[in-house]
Each structure stands twice: as C-alpha cells, then as structure tokens.
Amino acid sequence: MGFFDGLRPGRAADFDSGSAATNAIELTKRHSQVSLTRQDAATGNLRINLTWRMRTSDIGGGRESLLRHPLKALRPPEVMGHSQSMVNVDLDLGCLYELTDGTKGVVQPLGGLLGDVNAPPYVKLSGDDRFGSASGETIYVNLDHREAIKRLLVFVYIYDQTPAFDRTHAIVTLYPSNGPRIEIGLDERHPQARSCAVVMIENVKDELVVRREVRFVYGFQAELDRLYGWGLQWGRGYKAKAEK
C-alpha cells in the first residue's frame with residue numbers, strides 16, 4: 001500500500017507515492033497519473049528534467065569486479081555520462097504543445113526551437129546536453145498561464161545515432177512548484193526504438209493532469225505526431241557540430 005493510500009478515498013488510484021525520505025511520486029503502469037491541481041502545484045514554473053546514465057553492463061566490470069571487490073556492492077551507483085569507450089548516445093528532450101487557441105508546435109534542441117517561458121507557448125528548453133552531464137536537459141513550463149495550455153507531450157529521442165534506449169537508464173523528473181517531484185523511468189528494453197513519448201500534461205476540465213505514457217516508437221517526431229494526432233509538418237533537421 002502506498003504512503004497516501006489510506007489518507008483519502010479515491011486517491012490511491014492517482015499515483016504511486018514515494019517515501020517521505022525520497023519525497024517523490026513514481027508514475028507506473030498501474031498508477032499512471034497525478035493531478036497537479038489537487039496538489040496545489042498548478043502555478044509557477046514546472047521544471048521537467050531528463051538525465052541518464054549507461055547501464056552497468058556497458059560500463060564494464062559488473063559481476064567480475066564485485067567478486068574481486070565485494071564492498072563495491074555497498075556503494076551507491078555512480079551517475080555517469082558518456083566516455084569514449086561507451087556507445088555514443090545523444091538523448092534529447094522535447095515537447096509537443098497544443099494551446100487552447102489552436103496553436104500547435106514543438107520545443108526541442110533540433111532546429112533551435114527552444115520556445116519561450118513568458119510568451120506563447122509558455123514552454124522553454126534550457127539548452128542541449130549532448131554528453132550526458134549530471135544536470136541533463138531541462139524544460140520549463142509557466143503554469144501561471146495554464147489556461148492557455150491544452151496539452152503538452154514530453155518526449156525523448158535519440159538524435160542521429162545508434163538506437164540505444166536499452167543501454168541507458170534514463171529518467172524524466174517533474175519538479176512542480178509545490179509538493180513532491182514526479183518521476184518517470186525509461187527502463188523498458190526497446191533496443192531499436194529511437195523515440196519515446198514519456199508523459200502527457202493535459203488541461204482536463206480546468207484540472208492539470210500529468211499522465212505517464214512511456215510509449216516507444218521506431219521513428220522520430222513525425223511518428224509521435226501521428227500517434228497522438230498533432231498534425232504538424234515535419235522535415236529532416238540537423239544539429240551544428242558539438243564542441244566538447
């Protein structure tokens with residue numbers, strides 16, 4: 001039973017609660033949504049962060065190193081980005097938006113479509129992390145203009161590299177202005193997938209609802225568009241060469 005299960009009737013179906021120590025809500029297949037409105041968190045800036053690390057099997061020294069050094073099992077896992085010996089992965093965070101006035105579009109690193117937090121679409125990407133740094137990539141949503149937002153689909157895709165969702169531990173975390181953070185893990189094994197619809201934020205009868213999606217697809221943004229009926233026109237885009 002979750003921590004909040006016994007507090008209010010009907011709340012158990014909304015989400016899985018983390019412990020008080022972690023102060024996090026984990027969205028799962030069984031408990032896939034949470035209401036920001038009911039948590040008094042539907043105002044201010046909502047921060048959405050993507051971080052990832054390589055799976056232990058790709059870093060090397062898994063079972064053998066533990067046999068030689070059993071005390072390593074007691075250490076917390078190290079959050080790691082990319083190194084030259086690892087598979088080259090560039091996970092990008094993006095957001096399809098639809099406003100209540102019918103405006104539709106995308107915020108993403110590709111094409112430099114970084115958005116705006118103080119003007120429509122009230123969604124802004126902080127930048128493009130190409131090397132898996134500890135800070136990852138972050139999108140900000142200005143919920144003080146929530147009445148202008150119909151729905152937001154947060155997604156992750158692998159830019160122009162070998163599909164490698166099965167080689168990474170990726171997590172998308174939402175930090176509301178009030179209450180616990182909301183976590184969605186991308187740990188399912190989909191070795192050929194290039195994109196994943198992670199979470200939908202939707203204005204439903206003046207209630208702002210966060211719903212776990214975690215739907216992997218084998219194409220890019222155009223396939224996510226078709227899946228969720230956005231109706232945008234897509235073309236091939238490229239990034240400028242990264243400077244390390």
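These numbers were taken from a predicted model, which means no experiment stands behind them.

A. Structural view of the overall build of the protein. From N to C terminus, the protein includes 3 helices and 14 strands. For the protein, the share of sequence-separated contacts (at least 6 apart) that also reach a separation of at least 24 residues comes to 67%. Carbon and sulfur atoms form 49% of the exposed surface of the protein, whose accessible area is close to 12,900 Å².

B. Representation of the packing of aromatic side chains. Under the defined criterion, the tally for this structure stands at 1 aromatic pair. Consider the rings of Phe-155 and Tyr-157, whose centres lie 5.8 Å apart with planes at 35°: the pair is tilted. Grouping residues by exposure puts Phe-155 and Tyr-157 together as buried. Its guanidinium or amino end placed over the ring of Tyr-175, Arg-47 lies 4.0 Å from that ring's centre, counting from NZ or CZ.

C. The arrangement of the sheet that holds strand β5 (residues 91-99) in detail. In spatial order, the strands read β3-β14-β13-β10-β5-β6; together these 6 strands make up an open sheet with antiparallel pairing. Two strands close off the open sheet at either side, each with one partner strand: β3 (33-35) and β6 (104-107). Ignoring strand direction, the axes of neighbouring strands in this sheet form an average angle of 20°. Pairing between β3 and strand β14 (residues 207-217): 3 bridges, direction antiparallel. Opposite Val-34, over in β14, you have Val-210 as the bridge partner.

D. The arrangement of the environment of Tyr-218 in detail. Structurally, Tyr-218 is set in the loop between β14 and α3 (221-228). With 25 residues separating them in the primary sequence, Tyr-218 and Ala-193 have C-alpha atoms 4.3 Å apart. Discounting chain neighbours no more than four positions away, the residues touching Tyr-218 are His-190, Gln-192, Ala-193, Arg-194 and Glu-223.

E. Summary view of the confidence of the model for the protein. Summarising the model, the protein shows a mean pLDDT of 77, and 67% of its residues fall at 70 or more. The low-confidence segment residues 1-21 (pLDDT under 50) makes 26 contacts with residues lying over four places distant or belonging to another chain. Within the model, the stretch residues 128-134 combines pLDDT values under 50 with 29 contacts to residues more than four positions away or in other chains.

F. Molecular detail of the pattern of salt bridges. One pass over the structure, following the stated rule, counts 8 salt bridges. A salt bridge links Arg-38 to Glu-207, with the shortest nitrogen-to-oxygen separation between them at 3.0 Å. Taken together, the residues span a long stretch of sequence, with Arg-38 in the loop between β3 and β4 (45-54) and Glu-207 in strand β14 at a distance of 169 residues. Across the pair Arg-212 and Glu-188 runs a salt bridge, and its minimum N-O distance is 3.4 Å. Highlighted residues: Arg-212 in strand β14 and Glu-188 in the loop between β12 (181-186) and β13 (195-204), separated in sequence by 24 residues. Its relative accessible area of 14% is what places Arg-212 among the buried residues. Judged by its relative accessible area of 24%, Glu-188 falls in the partly exposed class. Overlapping salt bridges bring together Lys-29, Glu-188 and Arg-212 as one network.

G. Structural context of the pairing of β12. Direction of pairing for strand β2 (residues 24-26) relative to β12: parallel, over a ladder of 3 bridges. If you follow Glu-26 over to β12, its bridge partner there is Glu-183. Inspection of the sheet shows strand β11 (residues 168-175) paired to β12 by 5 bridges, in the antiparallel sense. Counterpart to Ala-170 in the pairing with β12 is Leu-186. Linkage of β11 to β12, two consecutive antiparallel strands, is achieved through a turn of 5 residues, within which Gly-179 is found at a positive phi near 85°.

Parameters at a glance
Counting from 1, residues in each chain are numbered in the order their sequence is written. Only residues with pLDDT of at least 70 are given local features in this predicted model, and only at 80 or more are side-chain atom pairs given and counted; all residues enter the totals for whole chains, interfaces and linings. Derived side-chain values reflect all non-hydrogen atoms in the structure, with water molecules and hydrogen atoms excluded from consideration. Only DSSP runs of H or I reaching four residues or more are called helices, and only runs of E reaching two or more are called strands; each is numbered from the N terminus. In what follows, residue pairs with any heavy atoms lying within 4.5 Å of each other are defined as contacts. To measure how exposed things are, a 1.4 Å probe is used in the Shrake-Rupley method; for residues, cover is taken only from the protein chains shown. Pairing of aromatic side chains here covers Phe, Tyr and the six-membered ring of Trp, requires ring centres within 6.5 Å, and sorts the geometry by plane angle: under 30 degrees stacked, over 60 edge-to-face, intermediate tilted. Only protein chains enter the area calculation, which uses a 1.4 Å probe; residues under 20% of their type maximum are buried, those over 50% are exposed, and those in between are partly exposed. Ring-over charges, as used throughout, are those where CZ of Arg or NZ of Lys falls within 6 Å of the ring centre and within 35 degrees of the ring normal. The criterion for strand pairing is that DSSP finds at least two bridges linking the strands in question. Lines fitted to C-alpha atoms define the axes here, with helix axes fitted over just the stretch in contact, and angles between the N-to-C directions of these axes take values from 0 to 180 degrees. Per residue, pLDDT measures the predictor's confidence, with a range of 0 to 100. When a carboxyl oxygen of Asp or Glu lies within 4 Å of a side-chain nitrogen of Lys or Arg, that pair is called a salt bridge.

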